[in-house]
Amino acid sequence: MVRAVVARKRAVQEFHEWTQPVSAEQYFLGKDKIDVGDRIGFRRISDACNVLFGTRYSSMQRSYFMPSTMRERYGDEYLLWFPKLAIEGKAVAHGWNNRLSEDGLTIVQYNEREDVQGPEDPKKRVTLAQVKDPITGYREYRFFGVFEFRGLDDGKEIYTRCDRSFGIVRH
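Trainee: Sorry, what's going on with unusual backbone geometry here?
Mentor: Peptide bonds are, in most cases, trans, and in most cases residues other than glycine have a negative phi. Phi is positive for H94, close to 55 degrees, though the residue is something other than glycine. Locating H94 in the fold gives a position in the loop between β3 (78-81) and β4 (96-100). The residue D154 is not glycine, and still its phi comes out positive at about 55 degrees.

Structure follows, in structure tokens:
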């Protein structure tokens, strides 16, 4: 029975063999970009910034910002976004309800506590959303692509993925 399930998943490219985990630093060594297909998570925002964008943060609590290392390479075109995805439809951070569509191409964001009139800054968002790993149970930030603001729908901000990869900044 297990072999049949594995064979069926392999046939449709949904089977991912278990491999010994490597650190994010090791995984991205020699790579020049992060891609949606990379199955690497980061425990903290600072870990993602240090590995992917050449920063030296010891901690970081902001979920929407631009490190100076990115500004040097990309100017003001992008910002980093670390949303926490809603769990069972409920917001998990300060009333912000962030929902990723099943196909991973759209994020709908709204605040359950207050009426928000769209993003303060409509720059493209390099997005690493916090999700729960189904195997380990740990919450980690994973890359979901670059998203851009498309408009408001019934007071909810709509973002669509415009790129599935983004260049890593090395210093």
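Trainee: It is not clear to me how the sheet that holds strand β8 (residues 156-163) should be interpreted in this structure. Could you clarify?
Mentor: The strands that make up a sheet pair up through hydrogen bonds in the backbone, lying either parallel or antiparallel. Taken together, 7 strands build an open sheet; the order of strands is β2-β3-β6-β7-β8-β5-β4 and the sheet is mixed. Where the open sheet ends on each side, the last strands, each with one partner, are β2 (64-65) and β4. With 2 bridges connecting them, β2 and β3 associate as antiparallel partners. Following the sheet pairing, F65 is matched in β3 by L80.

Trainee: So what exactly am I meant to see when it comes to the environment of L29 here?
Mentor: With respect to the secondary-structure elements, L29 resides in the loop between α2 (24-28) and β1 (33-35). Judged by relative accessible area, which is 69%, L29 ranks as exposed. It is 9.2 Å that separates the C-alpha atoms of L29 and V51, two residues lying 22 residues apart in sequence.

Trainee: Would you take a moment to explain the packing of aromatic side chains for this structure?
Mentor: Two aromatic rings are characterised by how far apart their centres lie and by the angle between their planes. According to the stated counting rule, one finds 11 aromatic pairs in the structure shown. With a centroid separation of 6.3 Å and an interplanar angle of 15 degrees, the aromatic rings of F28 and F42 are classed as stacked. Residue F28 is located in helix α2, and its partner F42 is located in the loop between β1 and α3 (45-53); the two are separated by 14 residues in the primary sequence. Accessibility assignment for this pair places F28 and F42 in one class, buried. Summarising the aromatic geometry, the rings of Y74 and Y78 are spaced 5.4 Å apart at their centres and angled 80 degrees between planes, so their arrangement reads as edge-to-face. On the basis of relative accessible area, Y78 is assigned to the buried category, the value being 12%. Among the aromatic residues, those joined into a cluster by ring pairs are F53, Y74, Y78 and F166.

Trainee: Just checking my understanding: could you explain the pairing of strand β5 (residues 106-111) for this structure?
Mentor: Strand residues, when the strand is regular, have side chains that alternate between the two faces of the sheet. Where β4 lies against β5, 5 bridges are found, and the strand directions are antiparallel. Counterpart to R99 in the pairing with β5 is V108. Between β4 and the antiparallel strand that follows it, β5, lie 5 residues; G104 among them carries a positive phi value of about 75 degrees. As paired elements, β5 and β8 share 4 bridges and run antiparallel to each other. Across the sheet, residue Q109 finds its bridge partner in β8, namely E157.

Trainee: Quick question: what am I supposed to make of the pattern of salt bridges here?
Mentor: Side-chain pairs of opposite charge can arise whenever the charged atoms involved come near each other. Scanning the entire structure with this criterion turns up 6 salt bridges. We note a salt bridge from K124 to E77, for which the minimum N-O separation is 3.4 Å. Placement of the pair is K124 in strand β6 (residues 124-132) and E77 in the loop between α4 (68-74) and β3, with a sequence separation of 47 residues. Overall, the relative accessible area of 38% leaves E77 in the partly exposed class. The salt bridge partner of E140 is R142, with a shortest N-O separation of 2.6 Å. On the basis of relative accessible area, E140 is assigned to the buried category, the value being 9%.

Trainee: I'm lost on α3 in this one. Help?
Mentor: Side chains of residues three or four places apart in an α-helix project in the same direction, reflecting 3.6 residues per turn. Extensive coverage of α3 is indicated by the burial of 7 of its 9 residues. All of the buried residues along α3 are I45, S46, A48, C49, V51, L52 and F53. Downstream of α3 by a residue or two, G54 has a phi angle that is positive, lying close to 65 degrees.

Definitions and limits used
Residues numbered from 1 in each chain as written. Predicted model: local features only at pLDDT ≥ 70, side-chain atom pairs only at ≥ 80, totals over all residues. Heavy atoms only, no water. Helix = DSSP H or I, 4+ residues; strand = E, 2+ residues; numbered from the N terminus. Pairing = 2+ DSSP bridges. Buried < 20%, exposed > 50% of the residue type's maximum accessible area, 1.4 Å probe, protein only. Phe/Tyr/Trp six-rings, centres within 6.5 Å; stacked < 30°, edge-to-face > 60°. Salt bridge = Lys/Arg side-chain N within 4 Å of Asp/Glu carboxyl O.

None of the figures reported here should be taken as evidence of function without further support.
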